[in-house]
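Below are the chains, spelled out letter by letter.
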Amino acid sequence: MTDQKPTHRVWRVGADIDTDALAPGAYMKFGIDEIARHCLQRVRPEFAGQVQPGDVLVAGPNFGIGSSREQAASALVRLGVAAVIAPSFNGLYFRNAFNVGLLLLTCEQAGTLAEGERIALDPAAGRIDRPGAVPSELHCETVPAFLLEMVRAGGLLNLLKQRQTS
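The text that follows walks through the structure, step by step, so that each part is easy to find. This is a predicted model, so every value here is computed, not measured.

1. Quick look at the overall build of the protein
(1) Moving on: In terms of regular secondary structure, the protein is built from seven helices and seven strands.
(2) Moving on: Secondary structure elements in the protein, listed N-terminal to C-terminal, are β-α-α-α-β-α-β-α-β-β-β-β-α-α.
(3) Moving on: The C-alpha radius of gyration of the protein comes to 15 Å, within 12% of the 15 Å expected for a compact globule of 166 residues.
(4) Moving on: Taken across its 166 residues, the protein has 46% of its residues classed as buried.
(5) Moving on: In the protein, the proportion of contacts linking residues at least 24 apart, taken out of those at least 6 apart, comes to 65%.
(6) Moving on: Total accessible area on the protein stands at roughly 8,400 Å², and carbon and sulfur atoms take up 52% of it.

Following this line, the structure appears as structure tokens:
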């Protein structure tokens, strides 16, 4: 049995990705499934149709700017995105993401990750492992245990339900 961490395929987007790109306003009257089908269509039209569960999104600074719509994080969760890695996040987006169970990694060196690259995440240690790449490891801000617990539970509401029944 191997102790290797699972790897995740990288999808790249640029800086200043706003909540309207993640959850376009024209689809907000529909459910999250429809919103997710249009996630990032303005910047990566193929994204929603081709992203696979466990893939990660790597962005430039200011990810999640714009409105406070929770659906902007929920759409990525619905598509199976394992994490978003960026040098910085909008504060409201950061809170919404963890509340719906989406892992965010703040990493100054996010821009060195390549489209299609396979990486392993260690959010508790604040590390991204890059098998076969140089540098082979990137350092990120560590994610506090209580936020990791929320992600593992699938979001704050699920965590509270688990605690209530235990």
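2. Re the packing of helix α6 (residues 145-153) against helix α7 (residues 156-165)
(1) Moving on: Two numbers describe how α6 lies on α7: the axes approach to 7 Å, and their chain directions differ by 90°. On the basis of the axis angle, α6 is roughly perpendicular to α7. Judged by residue contacts, E149, M150 and A153 of α6 engage L156, N158, L159, Q162 and R163 from α7.
(2) Moving on: Split into classes, the residues belonging to the contact of α6 with α7 amount to four nonpolar, two polar and two charged.

3. Considerations on the packing of aromatic side chains
(1) Moving on: Per the counting criterion, the structure on display carries six aromatic pairs.
(2) Moving on: Between the aromatic rings of W11 and F47, the centroid separation amounts to 5.1 Å while the plane-to-plane angle is 90°, which identifies the pairing as edge-to-face. Here W11, found in strand β1 (residues 8-12), pairs with F47, found in helix α3 (residues 47-50); they are 36 residues apart in sequence, far enough to count as distant. Each member of the pair, W11 together with F47, is buried.
(3) Moving on: Seen in terms of ring centroids, F94 and F98 are 5.0 Å apart; in terms of plane orientation they differ by 55°. Their pairing is tilted. You can see F94 and its partner F98 sitting in helix α5 (residues 91-99), four residues apart, about one turn around the helix.
(4) Moving on: The class of F98 is buried, set by a relative accessible area of 2%.
(5) Moving on: Connected via pairs of aromatic rings, a cluster forms that spans F63, F89, Y93, F94 and F98.

4. Some thoughts on the sheet that holds strand β4 (residues 103-106)
(1) Moving on: Sheet architecture is open: seven strands sit in the order β4-β3-β2-β1-β5-β6-β7, paired in mixed fashion. Every other strand in the sheet has two partners, leaving β4 and β7 (137-139) as the edge strands with one partner each. This sheet shows a mean twist of 30° between the axes of neighbouring strands, independent of strand direction.
(2) Moving on: In this structure, strand β3 (residues 83-86) lies alongside β4, joined through four bridges in parallel fashion. Within β4, the position partnered with V84 by the bridge is L104.

5. Some details on the pairing of strand β5 (residues 118-122)
(1) Moving on: Extensive coverage of β5 is indicated by the burial of four of its five residues.
(2) Moving on: Pairing geometry for β5 and strand β6 (residues 127-129), over three bridges, is antiparallel. Residue pairing for β6: A120 is matched across the bridge by D129.
(3) Moving on: The hairpin turn running from β5 into β6, its antiparallel successor, is four residues long, and G126 in that turn takes a positive phi close to 70°.

Reading guide: rules and limits
Residues numbered from 1 in each chain as written. Predicted model: local features only at pLDDT ≥ 70, side-chain atom pairs only at ≥ 80, totals over all residues. Heavy atoms only, no water. Helix = DSSP H or I, 4+ residues; strand = E, 2+ residues; numbered from the N terminus. Rg over C-alpha atoms; globule rule 2.2 N^0.38 Å. Buried < 20%, exposed > 50% of the residue type's maximum accessible area, 1.4 Å probe, protein only. Contact = heavy atoms within 4.5 Å. Areas by Shrake-Rupley, 256 points an atom, 1.4 Å probe, with all protein chains shown as cover. Axes fitted to C-alpha atoms, helices over the stretch in contact; angles between N-to-C directions. Parallel < 35°, antiparallel > 145°, perpendicular 65-115°, else oblique. Nonpolar A, V, L, I, M, F, W, Y, C, P; charged D, E, K, R; others polar. Phe/Tyr/Trp six-rings, centres within 6.5 Å; stacked < 30°, edge-to-face > 60°. Pairing = 2+ DSSP bridges.

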